[in-house]
Amino acid sequence: MSTPLSVLIVEDSEDDMALIVRALQRGGYSLAYERVETAAAMSGALDRQPWDIVIADHNMPRFSAPAALTLLKDRGFNLPFIIVSGAIGEDIAVAAMKAGAHDYIMKSNLARLAPAVERELREAAERRKRQQAEKALSESEERFHTMADTAPVLIWMAGTDKFCHYFNKRWLDFTGRTIEQEKGYGWIEGVHSQDFQHCFDSYVAAFESRRDFTMEYRLRRADGEYRWILETGAPRYTPDGSFVGFIGSCVDISERKLAESGLESHVRQQAAVADLGLRALGGAEPAALMDEASVRLAAILAVEYCQILELDPAAGVLLLRAGVGWKPGQIDTTTLGTQMRSQAGYTLLSGAPVIVENLLTETRFKSPFLREHGVISGVSVVIHGRARPFGVLSVHTTRQRKFSSDDAHFLQSIAHVLATAIERKQTEEALQESQSRLSGIIGSAMDAIVTIDAEQRISLFNTAAEQMFRCSAAQAIGQPLDRLLPERFRDLHHKYIQAFGQSTRTRRSMRSLGVVYGLRANGEEFPIEASISQTEAAGRRYFTVIMRDVTERQRYARALESITAMAASLRDTPTRAAMASIVVEHVLALVQGDRAALAWRSPPSDEMLVEIARGDWAHLAGVRLPAEVWSGELDLVAGQPQPGAVVPARHTPAAIEPPGIGPAPAFVPLIVEHETLGLLWVGRHTPISDVELQLLATFGEVAANALCRATLHEQADLRLRRLHAARAIGLATTASLDLRLTLEVLLDQATGQLGVDAADVLIYNSRAQTLEYVCGRGLRVVPAHRPRAFAGESLAGRAAIERRILGIADLRSSREAHVQAQLAAAEGFVAYYGVPLLARGQVVGVLELLHRAPLAPNPEWLDFLETIAVAAAIAIDNAQMFEQLQHGSDERLLTRQTAVQS
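Now for a description of the structure that goes with this document. This structure is a prediction, so every number in the text was calculated from the model and none was measured. The numbering scheme is per chain: residues are counted from 1 as the chain's sequence reads. In view of the model being predicted, local features appear only for residues whose pLDDT reaches at least 70, and side-chain atom pairs are presented and counted only at 80 or more, with totals across whole chains, interfaces and linings using the full set of residues. Calculation of side-chain values draws on the structure's entire complement of heavy atoms; hydrogens and water are dropped beforehand.

### Thoughts on the overall build of the protein
Turning to step 1, where the next piece is worked out: By definition, any uninterrupted DSSP run of H or I lasting at least four residues is a helix, any uninterrupted run of E lasting at least two residues is a strand, and each is numbered from the N terminus. Within the protein, the regular secondary structure consists of 24 helices and 34 strands.
Turning to step 2, where the next piece is worked out: Counting only residues that meet the buried cut, the protein has 43% of its 902 residues in that class.
Turning to step 3, where the next piece is worked out: For the protein, the accessible surface area stands at approximately 47100 Å², while carbon and sulfur atoms represent 53% of it. Throughout this description, buried means an accessible area under 20% of the type-specific maximum (1.4 Å probe, protein chains only), exposed means over 50%, and partly exposed covers the range between. Exposure was quantified through the Shrake-Rupley algorithm and a 1.4 Å probe, taking into account, for residues, occlusion by the shown protein chains and nothing else.

### Digging into the pattern of salt bridges
Turning to step 1, where the next piece is worked out: We count a salt bridge whenever a side-chain nitrogen from Lys or Arg sits within 4 Å of a carboxyl oxygen from Asp or Glu. Following the criterion strictly, the structure yields 41 salt bridges and no others.
Turning to step 2, where the next piece is worked out: Residues Asp275 and Arg296 are paired through a salt bridge, measuring 2.5 Å at the closest nitrogen-oxygen approach. Of this pair, Asp275 sits in helix H9 (residues 254-281) while Arg296 sits in helix H10 (residues 286-300); the two residues are 21 residues apart in sequence, bridging distant segments of the chain.
Turning to step 3, where the next piece is worked out: For Asp275, a relative accessible area of 31% corresponds to the partly exposed category.
Turning to step 4, where the next piece is worked out: A relative accessible area of 26% means that Arg296 is categorised as partly exposed.
Turning to step 5, where the next piece is worked out: Among the salt bridges present, the one from Glu362 reaches Arg364, with a minimum N-O distance of 2.6 Å.
Turning to step 6, where the next piece is worked out: Using a relative accessible area of 12% as the deciding quantity, one classes Glu362 as buried.
Turning to step 7, where the next piece is worked out: Judged by relative accessible area, which is 35%, Arg364 ranks as partly exposed.
Turning to step 8, where the next piece is worked out: A network of salt bridges, in which partner residues are shared, links Arg221, Asp223, Glu225, Arg227, Asp252 and Glu255.

### A word on helix H11 (residues 343-350)
Turning to step 1, where the next piece is worked out: Burial analysis of H11 places six of its eight residues in the buried class, the great majority of the element.
Turning to step 2, where the next piece is worked out: Every buried residue belonging to H11 is among Gln343, Ala344, Gly345, Tyr346, Thr347 and Leu348, and all of these are buried.
Turning to step 3, where the next piece is worked out: Phi turns positive, to about 75°, at Gly351, one or two residues after H11.

### Quick notes on the sheet that holds strand S2 (residues 29-36)
Turning to step 1, where the next piece is worked out: The strand order across the open sheet built from five strands is S2-S1-S3-S4-S5, with neighbouring strands paired in parallel fashion. Either end of the sheet is taken by a strand with one partner, and the two such strands are S2 and strand S5 (103-106). Across the sheet, the mean angle separating the axes of adjacent strands is 25° when strand polarity is ignored.
Turning to step 2, where the next piece is worked out: Looking at chain direction, strand S3 (residues 53-57) and strand S4 (residues 81-85) are connected through four bridges and run parallel. Bridged to Asp57 within S4 is Val84.
Turning to step 3, where the next piece is worked out: Sitting on the sheet, helix H1 (residues 14-26) is in contact with strand S1 (3-10), S2, S3 and S4, with an inclination near 160° to S2.
Turning to step 4, where the next piece is worked out: Along the sheet, helix H3 (residues 65-74) makes contact with S1, S3 and S4, crossing S4 at roughly 170°. At least two DSSP bridges between two strands are needed for those strands to be called paired. Note on geometry: axes are C-alpha line fits, over the in-contact stretch for helices, and angles between N-to-C directions span 0 to 180 degrees. Throughout, a contact is declared for two residues whenever any of their heavy atoms are within 4.5 Å.

### Regarding the packing of aromatic side chains
Turning to step 1, where the next piece is worked out: Within 6.5 Å between ring centres, the rings of Phe, Tyr and Trp (the latter by its six-membered ring) count as paired, and their orientation is classed by plane angle as stacked under 30 degrees, edge-to-face over 60, tilted in between. Under the defined criterion, the tally for this structure stands at 17 aromatic pairs.
Turning to step 2, where the next piece is worked out: Ring geometry for Tyr346 and Phe365: centres 5.3 Å apart, planes at 50°, overall tilted. A residue pair is termed long-range when its members are at least 10 positions apart, and Tyr346 in helix H11 and Phe365 in the loop between strand S14 (354-356) and helix H12 (368-372) qualify at 19 residues.
Turning to step 3, where the next piece is worked out: What links up through ring pairs into an aromatic cluster is the set Trp156, Trp187, Tyr203, Phe207, Phe213, Tyr237, Phe243 and Phe246.
Turning to step 4, where the next piece is worked out: The criterion for a charge sitting over a ring is simple: Lys NZ or Arg CZ within 6 Å of the ring centre, and within 35 degrees of the ring normal. Lying over the aromatic face of Phe526, Arg520 brings its terminal NZ or CZ to 3.9 Å of the ring centre.

### Comments concerning unusual backbone geometry
Turning to step 1, where the next piece is worked out: Backbone geometry at Arg210 places phi at a positive 55°, although glycine is not the residue there.
Turning to step 2, where the next piece is worked out: Notably, Arg803 is not glycine yet its phi reads approximately 55°, a positive angle.
Turning to step 3, where the next piece is worked out: When you line up the elements, Arg803 lands in the loop between helix H22 (795-802) and strand S32 (806-808).
Turning to step 4, where the next piece is worked out: Residue Arg803 is classed as partly exposed on the basis of its relative accessible area of 43%.

### Considerations on the nonpolar core
Turning to step 1, where the next piece is worked out: By size, the foremost hydrophobic cluster in this structure holds 33 residues, and its most contacted members are Leu297, Leu393, Val395, Ile414 and Leu418.
Turning to step 2, where the next piece is worked out: Of all the elements in the fold, those that place two or more residues in this core are H9, H10, strand S11 (305-312), strand S15 (377-383), strand S16 (391-397) and helix H13 (405-444).
Turning to step 3, where the next piece is worked out: Broken down by element, this core gets its largest block of residues, 10 residues, from H13.
Turning to step 4, where the next piece is worked out: Leaving out residues up to four positions away in the same chain, Leu297 has contacts with Ala302, Val303, Cys306, Leu393, Val395, Phe410, Leu411 and Ile414.
Turning to step 5, where the next piece is worked out: Definition used in this section: a nonpolar core is a set of buried Ala, Val, Leu, Ile, Met, Phe, Trp, Tyr and Cys residues joined via side-chain atoms within 4.5 Å. One finds Leu746, Leu754, Leu849 and Phe864 within the second-largest nonpolar core, a separate group that totals 32 residues.

Structure (structure tokens):
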């Protein structure tokens, strides 16, 4: 089905027009068309009927496409315009398009004409729709502006950039500014400085969240007065849901705020009076109450100054005791006269509230002190007392203001509260003075003093009692005495008190009751010695008990017994290891601890090896503490560590004190002749007392000396055994030329005296440049008779080449991963030591020591190792020399026999 199309063709050729018509008909259009070739003809055709599109030839004798396009625009027609030409340059086509032509088509390619017409008709329809929409929008905005300008509220609009672009007439009349001044962020210049940040932040936050908002702020009116504004804003969207900005309206709520302010002020005043009154009745100090009252009065009445003047009747002056707004140093130093020369003096003499509206025109008094501070208006009242006035309370401002009678009543109410607090304080001071002497004696007593009534309820509980029972007097007074006694003794104690009350005796001395037990607030029982007395006062019977905690005394006695027992046990113990175990067990018993550890120092590495650990630290046995870790404990002892020094271990290494174990333990450095030989840690779930620390110091001295003696004895015994071993090695070396037998003796001594699991000897073969296995001890698998390379491919080869002892104390932490794998796979060895065997300046072999645990050799161990190595080198060298001599003798004998035969 063809589409109807009305076409105005500007063409001077009938044939070319026919081609255009035929191309459009082939494109599916049913045409109504007219051809024109002059401007007049085109203008007439435009007047006669509406057209859908204009198609024009570019060059004609009397007309042209650019001229036709200009005519079309001048007549106000917005029709699609397509140029059709037989030959047109690209620059001319571009110029035509810039002038407003919608497309150009070559006559040689009219197949493009129908699609181009379809496209331009579609775009023209879209342009008409947009124009209609824009026109409707313009009309809508015009109606909105008319409505907004006549609305009784202030209206504004802002775009997506937060810049305001519209303010209605009511807004501009209110602010007295032009729309150019208000646009953008100019409107915020009229916001009160105290409301600026809140207003701006709320405005920006609403834009970012695109949500409705409501806020109150003060906006400057055209006459300069700030008025309270209630503003409501809402986001704006197009019909397709696009955000286009905000619209808001504002209402003047100043009258409402004024009414609310008055009501709020009254409520605040009543709340302040009630709050300060409760604090006064609750025992607040008058000085603190005065400071708080000054601050609250200044805030509630919105004044710069508040002063509380205390009357000194003897000196006849008023002292500035508290206040707000005065220069630093004036409180407690400034005095005013009590005569009528000042407002305070006038108020004091009149005995009634005094309101001043303008101090500059005041005739009743001058008040130079207030004038110095620029005061204009104020109100003052008397702080009345029962016998005499306490002083004057007043507030002042540098602005002229008419204070009301309600303000004076509020001030007088605060003055009554202050008078109540002052009178209460004076009464309490008089009472405290009468009790201070007795309280001082009881409070300073070193023994706990507790008084109970006939019902055995506590009525007095001194400071020593608080410390003894870990309970404050406030918590104890009024409570039954039972809370201070273990449950199993309560019935017996009740009966004792009743029997004592019925007796004629008034007191029983300390220790006459024997040792009894008390109960601390944390549930801990403890032994005490006590004396008791009874008396009557105001017809009531009271019992007073004086108590002394003997926990430390008993603990000290038990500790001395423990130290004595430990010393006896150490004397009968043959080995240092057994002594160390005894020391740990006794230190646990000494402080009733639940964990302990003893570490002994290794001189070569200066490490501490944890030899024994008990309780929560049992898993720490065998742990090595580097010097920088354990020496941190000794830093806690002031100066040079001394024997018996003991302190709470506040910096106990993490390895010793796992988190969450309880209070920090104590440590005892084991020191003999100013040398730290070891450390002893002990801990429990409750803190260790000072007395226990002193006992631990004594304990540490005894333990250190005993362990040192045992260590020296064992070292001497070890040296003696190694001396005998060295002698046996010397005899073996000189007594036999059997190399294997000699080396086996050496290896027996090496494994026995040096405490290693295995050892072997490798002899250097100079011809093959290899190290060959000769004999060994402690090897589970005898090595295959495969020579080892002399080069540094093996640890033995490296020791031989470098001519030094090659020691690896723990292969697991060394870089020799391949060596560790070989040794571990075969035998499970962990430590390795290789010693080159040197004779007459030449390497003759290597002595190897292997161990299945890490080694920490000391200098004596290494010295004995070198002794064995020297003996082995001599034995090998002797054997080789003997072999060479014997070989030479055999050669000479063979030569002689050969000569005889010949």
